[in-house]
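Examination of the molecular architecture
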Amino acid sequence: MAVAFFGETSSREYTEVFLNVARNPTVAEKFQFYHLNDKECASQNGASATPGLVLFRRFDTPRVPFTGNWETTPVIDFMVAQSVPTLIDFSEDYIEPIFGQRKAAVFLFRSKSDEGSDYVKVFTEASQQLRGQILFVVSGVTEGIQQRLGEFIGVEEKDLPTLRLLDPADGMKKFNYQGSVQSLTVDNIRQFVDDFQNKRLQAFLKSEEIPAESNDPLKIIVGKNF
């Protein structure tokens, strides 16, 4: 990916923002940085005015102009947010954006044969409507890194299709969608994400049921009451 600044090198946006962004370790090694002082080129690439900033990528919309506040942090946040697809097909390329950057994500685990199914289309639509709130990921469980992801989250082929939510920022907590994935709607997904963000979901634990109360001096601890 690359980001281009269109405008004068004497401007505050270039000297105090763009150069600071280019030196920032969060993005410095992941992006290529360019400067052009060409208004016609800027306009052709989506920058309606100069100074302008445009992110170039190889997925979704290839060119994304920056429209936020010209300060270092908003520019970096924009670049990081736009550096992943709206809908991620999980691969090794996305281990760092999810787990390294500790971003919460909704995972739809499905069979390859179901790629054109209604529930996959619904999930795709939800990813577009809820972009920026949480990451959306699709994955199988039978091959390579996707198989290892399924093992980590606790999804087997017999469980497909299933919807799970993972929060790397909070101890890798996992949350299961309790409804029917086959009859999934965008509103169902929006409610699932909203319940997570407002801490109304109970994390999934591989656990036996809590044993009945007793006066025994030896107590049994299980995952749900540890």
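Here's a quick rundown of the structure.

Calculation rules
- Residues numbered from 1 in each chain as written.
- Predicted model: local features only at pLDDT ≥ 70, side-chain atom pairs only at ≥ 80, totals over all residues.
- Heavy atoms only, no water.
- 1 Å grid on protein atoms, 1.4 Å probe; cavity = no way out; pocket = protein on both sides within 12 Å on 5 of 7 lines; lining within 4 Å.
- Points joined across faces, edges and corners; volume = space filled by probe spheres on them.
- Nonpolar A, V, L, I, M, F, W, Y, C, P; charged D, E, K, R; others polar.
- Pairing = 2+ DSSP bridges.
- Helix = DSSP H or I, 4+ residues; strand = E, 2+ residues; numbered from the N terminus.
- Contact = heavy atoms within 4.5 Å.
- Axes fitted to C-alpha atoms, helices over the stretch in contact; angles between N-to-C directions.
- Buried < 20%, exposed > 50% of the residue type's maximum accessible area, 1.4 Å probe, protein only.
- Lys, Arg positive; Asp, Glu negative; His and termini not counted.
- Salt bridge = Lys/Arg side-chain N within 4 Å of Asp/Glu carboxyl O.
- Polar contact = N/O pair within 3.5 Å; in protein donor to acceptor, adjacent residues only side chain to side chain.

Rolled over the atoms, a probe as big as a water molecule pinpoints where empty space is left. Approximately 310 Å³ is the volume found for the largest pocket. Around the largest pocket sit 17 residues that line it, and Ala81, Val84, Lys103, Gly132 and Leu135 are the ones nearest its centre. Classifying every residue of the lining of the largest pocket by side-chain character gives nine nonpolar, five polar and three charged.

A few words on the sheet that holds strand E8 (residues 162-167). The strand order across the open sheet formed by five strands is E5-E7-E6-E8-E9, and the pairing between neighbours is mixed. Two strands lie at the open edges of the sheet, namely strand E5 (88-89) and strand E9 (173-176), each paired on one side alone. Bridge analysis of strand E6 (residues 105-109) against strand E7 (residues 135-139) gives five bridges, and the strand direction is parallel. Of the residues in E7, the one forming a bridge with Ala105 is Leu135. Of the strands in this sheet, E6, E7, E8 and E9 are in contact with helix H7 (residues 186-197), which crosses E8 at around 25 degrees.

Looking now at the side chain of Arg57. With respect to the secondary-structure elements, Arg57 resides in the loop between strand E3 (52-56) and strand E4 (63-65). No salt bridge is formed by the buried Arg57, whose closest oppositely charged neighbour, Asp60, lies at an N-O distance of 4.3 Å. Side-chain polar atoms of Arg57 contact the backbone oxygen of Phe59, separated by 3.4 Å. Of the polar contacts made by the side chain of Arg57, one reaches the backbone oxygen of Thr61; its length is 2.8 Å. Dropping the residues within four chain positions of it, Arg57 is found in contact with Met1, Pro62, Val64, Gln82, Val84 and Arg131.

That bond from Thr50 to Pro51 is cis: its omega, 0 degrees, falls within 30 degrees of zero. Cis peptide bonds are those with omega within 30 degrees of zero, and the linkage from Leu160 to Pro161 qualifies with -10 degrees. Checked against the element boundaries, Pro161 lands in the loop between helix H6 (144-153) and E8. Positive phi outside glycine occurs at Asp60, with the angle close to 45 degrees. Tracing the backbone shows Asp60 in the loop between E3 and E4. The exposure class assigned to Asp60 is partly exposed, which follows from its relative accessible area of 43%. Unlike most non-glycine residues, Met172 shows phi in positive territory, near 60 degrees. Counting through the fold element by element, Met172 comes out in the loop between E8 and E9.

Here we take up the environment of Pro211. Within the secondary structure, Pro211 is located in the segment after H7. For Pro211, a relative accessible area of 32% corresponds to the partly exposed category. Put simply, Pro211 and Gly150 are 61 residues apart on the chain and 29 Å apart in space, counted from C-alpha to C-alpha.

Right, let's get into the sheet that holds strand E2 (residues 32-36). As summarised here, the arrangement of the four strands in space is E2-E1-E3-E4, forming an open sheet in which the pairing is mixed. Edge positions in the sheet fall to E2 and E4, since each has one partner strand and no second. Across the sheet, the axes of successive neighbouring strands diverge by a mean angle of 25 degrees, strand direction being ignored. The pairing of E3 with E4 spans three bridges and is antiparallel. Bridge pairing in E4 places Val54 opposite Pro65. Running over the sheet, helix H1 (residues 12-23) touches strand E1 (2-6), E2 and E3 and is turned about 160 degrees from E2. Its contacts with the sheet put helix H3 (residues 72-81) on E1, E2, E3 and E4, and the angle it makes with E3 is roughly 25 degrees.

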